[in-house]
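Fold and geometry: a report
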Amino acid sequence: METKVKAHVAPWKIEEVKTLKGLIKSKPVVAIVDMMDVPAPQLQEIRDKIRDKVTLRMSRNTLIIRALKEAAEELNDPKLAELANYVERGAAILVTDMNPFKLYKMLEENKSPAPVRGGQIAPCDIKVEKGSTGMPPGPFLGELKSVGIPAAIEKGKIAIKEDKVVVKKGEVVSPKLAAVLDRLGIKPIKVGLNVLAVYEDGIIYTPDVLKIDEDKLLADIQSAYQKAFNLAFNTAYPAKDVLPFLIQKAFVEARALSVETAFITKETAGDILAKAQAQALALASKLPDEALDEDVKAKVSSVEASAAPAVEEKKEEEKKEEEKKEEDTGAAGLALLF
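Residues numbered from 1 in each chain as written. Predicted model: local features only at pLDDT ≥ 70, side-chain atom pairs only at ≥ 80, totals over all residues. Heavy atoms only, no water.

**Notes on the side chain of Thr133**
By the element assignment, Thr133 lies in strand β6 (residues 131–135). A polar contact of 3.2 Å, which involves the side chain of Thr133, links it to the backbone nitrogen of Met135. A polar contact is formed between the side chain of Thr133 and the backbone oxygen of Ile158, at a distance of 2.7 Å. Setting aside chain neighbours within four positions, we find Thr133 in contact with Ile158, Ala159, Ile160 and Leu184. (Helix = DSSP H or I, 4+ residues; strand = E, 2+ residues; numbered from the N terminus. Polar contact = N/O pair within 3.5 Å; in protein donor to acceptor, adjacent residues only side chain to side chain. Contact = heavy atoms within 4.5 Å.)

**Digging into the sheet that holds β6**
Strand order across the open sheet formed by three strands is β6-β8-β7, with antiparallel pairing between neighbours. With one partner strand each, in any of the chains shown, β6 and β7 (151–154) form the two edges of the open sheet. On average, each strand axis in the sheet is tilted by 40 degrees relative to the strand beside it, whichever way the strands run. With three bridges joining them, β6 and strand β8 (residues 157–160) adopt antiparallel strand pairing. Opposite Gly131, over in β8, you have Ile160 as the bridge partner. (Pairing = 2+ DSSP bridges. Axes fitted to C-alpha atoms, helices over the stretch in contact; angles between N-to-C directions.)

**Some remarks on the environment of Val191**
Relative to the helices and strands, Val191 resides in strand β10 (residues 189–191). Sequence separation of Val191 and Pro113 is 78 residues, and the distance between their C-alpha atoms is 6.4 Å. With residues near it in sequence (within four places) discarded, Val191 still touches Asp37, Pro39, Gln42, Lys111, Ser112 and Ala114.

**Remarks on the pairing of β8**
Across four bridges, β7 lies against β8 in antiparallel orientation. In the sheet register, Ala152 faces β8, and the bridge partner there is Ala159. The antiparallel hairpin formed by β7 and β8 contains two residues in its connecting segment, where Lys155 sits at a positive phi of about 55 degrees.

**Comments concerning the nonpolar core**
Counting 24 residues, the largest nonpolar core has Ile126, Ile149, Val166, Val173 and Leu181 as its most contacted members. Sorting the residues of this core by element identifies β5 (126–128), α6 (139–146), β8, β9 (164–167), α7 (175–183) and β10 as the ones contributing at least two each. It is α7 that provides the largest number of residues to this core, a total of four residues. In terms of nonpolar packing, the next biggest core, distinct from the first, is built from 23 residues, Leu20, Ile32, Leu68 and Val95 among them. (Core = buried A, V, L, I, M, F, W, Y, C linked by side-chain atoms within 4.5 Å. Buried < 20%, exposed > 50% of the residue type's maximum accessible area, 1.4 Å probe, protein only.)

**Considering the pattern of salt bridges**
Counted under the stated rule, the structure contains 17 salt bridges. Put simply, Glu143 and Arg183 hold a salt bridge, and the shortest N to O gap is 3.8 Å. Separated by 40 residues along the polypeptide, Glu143 in helix α6 and Arg183 in helix α7 bring together distant segments of the chain. For Arg183, a relative accessible area of 46% corresponds to the partly exposed category. Here the salt bridges do not stand alone but share partners, grouping Lys21, Lys25, Arg66, Glu70 and Glu74 into one network. (Salt bridge = Lys/Arg side-chain N within 4 Å of Asp/Glu carboxyl O.)

Rendered as structure tokens:
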């Protein structure tokens, strides 16, 4: 007869899972972060900075996974249980009321530069720059050359002869190279709380989604607004922001039509008369001199002289109005954003 032996679970583990479940249920946003590569002093500094905005608790990965699954079952939220798939390395649970995107940005801003360690994967191309190291001649010159960094003695100091990428993104940094980079004061990585995944309202956000180029986003919004504004303006769609410019355009076109068809109104009477006068003068100037007596010639010359400034002034006003209209229309989309 087989006897089943029930595995004994340490009481502290049961209490820890209970504590983690309470934490998970306490806030709408639950994140899994990696703390493995954060030195203790920097971790304490980060904790002090974010203490008022988030609650952070590190535990064993197995206990975090169990707490997530049990909390998800109790809340009838299967998506929350999927957060357990992102628990790895030195994981910790972080809960907050903050928007996931603001949370990610805050944690990234609280990272600090640090030297790379031997055996780590380079997070980016690591480059040494040309110039003096400030170090006197000695064994370090040989160490530089041994890791492929061109160096020589210049003016009594060890100098790097040219810029060089010593390790590319994704490659493993050798312990020897890591030691050299540390002595050169090169800190190519940033240490802090690395977000593995964030859960909110049935959605899991990963770092590739949370990482946003704010300058590009703003430029995209401005571009989209400008294009939408231009489309609405050109199709005469009476949107709230476009309507004042459509009315202005309609007024200018109606005025031009009134002048062209000699339809006299209070606003266009002066323009129509000025146009008629200009046409009469143009016609008179084309008649042969013998067809005009001296009295008519004198009158034509007098009218031309008196009308010319007014006609030129009118043309200048029309030109300025047209330029202002184009500037207002072209800049409207961007201006209305602010």
